[in-house]
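# Observations on chain architecture
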Amino acid sequence: RKDIKTPMMEIFLKEPYNSDIDKLKKFAAKIKETTFGELASEYSLNIFDQVLKITVNQAVLADYDLSAKDLVKVIKAKVKGFNVESEGNEITLSKSGKTQELKDLYNLKEKIKELKITGTKGIKQVLPVKRGDEYIVLTSGTNMKDIIALPEVDGSRTMTNDIYEIYNLLGIEAAREAIMREVFKVIESQGLNIDVRHIMLVADIMCANGEVKGVTR
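Heads up: these notes are all about the structure in this document. Computed from a predicted structure; not experimentally measured. (Residues numbered from 1 in each chain as written. Predicted model: local features only at pLDDT ≥ 70, side-chain atom pairs only at ≥ 80, totals over all residues. Heavy atoms only, no water.)

This paragraph deals with the sheet that holds strand β10 (residues 159–160). If you trace the 4 strands from one edge of the open sheet to the other, you get β8-β9-β1-β10, paired in antiparallel fashion. Where the open sheet ends on each side, the last strands, each with one partner, are β8 (125–131) and β10. Sheet analysis places β8 next to strand β9 (residues 134–140), joined by 7 bridges and oriented antiparallel. What sits directly across from lysine 130, in β9, is tyrosine 135. The strands touched by helix α1 (residues 21–31) are β1 (8–12), β8 and β9; relative to β9, the strand with the most contacts, the crossing angle is about 20 degrees. (Pairing = 2+ DSSP bridges. Helix = DSSP H or I, 4+ residues; strand = E, 2+ residues; numbered from the N terminus. Contact = heavy atoms within 4.5 Å. Axes fitted to C-alpha atoms, helices over the stretch in contact; angles between N-to-C directions.)

As structure tokens, then:
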């Protein structure tokens, strides 16, 4: 599939991130794509004054090392035609000029909820786990190009289960290797024992003409 239902990554890290759990957690929080909706605890619409008030969750902000002023900067860059101010843990957006319809203010609220505040695009969830003697990060969602560019990441071992992403980023040989690993993983999890050369043959046929092709019956 070009658009897989459960994209995920296994991110291997360099020292000291793969042995220090606190540094690992900070790294995991840094790469998780965080939208404004996850940081806000309450919205209030004032139709008559054309004002949208948003209360942000200070505890969650502290986890991401952010402040309300950081959020105001992001909103100002993305939302035009509104005055944006912050006081304490409250952000106020007021419309300057003529009165708008109710749905415009509601649409603004929905748009702000989806604003990306921090993290790497596509990485929806992160889970630090121990694998052997080191810690790695499992993710829901994938963005291999941006992840392997990070200085903390061991790019030579980091994997995604999106074959086409590997093909576009690293070429056909890497895609062939990824097909072999994914098929082997599935077969092994079913408790079957198949010689790896059968899988290699299938992977070779899928990649024989230089691009990834599916295999039908």
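The grouping of Leu45, Ile47, Phe48 and Tyr106 at the surface amounts to a nonpolar patch, some 440 Å² of accessible area in total. Inspection of the secondary structure assignment puts phenylalanine 48 in the loop between β3 (40–46) and β4 (51–56). Here phenylalanine 48 falls in the exposed class, since its relative accessible area comes to 81%. (Patch = residues over 30% accessible without salt bridge, like charges linked within 9 Å, V, L, I, M, F, W, Y side chains within 5 Å. Areas by Shrake-Rupley, 256 points an atom, 1.4 Å probe, with all protein chains shown as cover. Salt bridge = Lys/Arg side-chain N within 4 Å of Asp/Glu carboxyl O. Buried < 20%, exposed > 50% of the residue type's maximum accessible area, 1.4 Å probe, protein only.)

What follows concerns the packing of aromatic side chains. Two measures describe an aromatic ring pair: the distance that separates the ring centres and the angle between the ring planes. Within the structure shown, the criterion is met by 0 aromatic pairs. In this arrangement the basic side chain of lysine 113 is found over the ring face of tyrosine 43, its NZ or CZ atom lying 5.4 Å from the centre. (Phe/Tyr/Trp six-rings, centres within 6.5 Å; stacked < 30°, edge-to-face > 60°. Lys NZ or Arg CZ within 6 Å of the ring centre and 35° of its normal.)

Turning next to the packing of helix α8 (residues 172–189) against helix α9 (residues 196–207). At a closest axis distance of 9 Å, the pairing of α8 and α9 adopts a crossing angle of 140 degrees. The orientation of α8 with respect to α9, classified from their angle, is oblique. Considering the relative orientation of α8 and α9, their crossing is right-handed. Facing Ile172, Arg176, Ile179, Met180, Val183, Phe184 and Ile187 of α8, the residues of α9 in contact are Ile199, Met200, Ala203, Asp204, Met206 and Cys207. Tallied by class, the residues present in the contact of α8 with α9 amount to 11 nonpolar, no polar and 2 charged. (Parallel < 35°, antiparallel > 145°, perpendicular 65-115°, else oblique. Left-handed = near helix turned anticlockwise from the far one by under 90°. Nonpolar A, V, L, I, M, F, W, Y, C, P; charged D, E, K, R; others polar.)

For the rest of this paragraph, the subject is the sheet that holds β3. Taken in spatial order, the 4 strands line up as β3-β4-β6-β5 in an open sheet, and their pairing is antiparallel. What marks the edges here is a single partner per strand, and that holds for β3 and β5 (82–87). Strand after strand, the sheet turns through a mean of 15 degrees between neighbouring axes, direction not considered. As paired strands, β5 and strand β6 (residues 90–95) are joined by 6 bridges and run antiparallel to one another. When the sheet's bridge partners are listed, valine 84 is paired in β6 with leucine 93. Packed on one face of the sheet, helix α4 (residues 68–78) meets β4, β5 and β6 and runs near 175 degrees to β5.

All quantities given are derived from atomic positions and should not be read as evidence of function.
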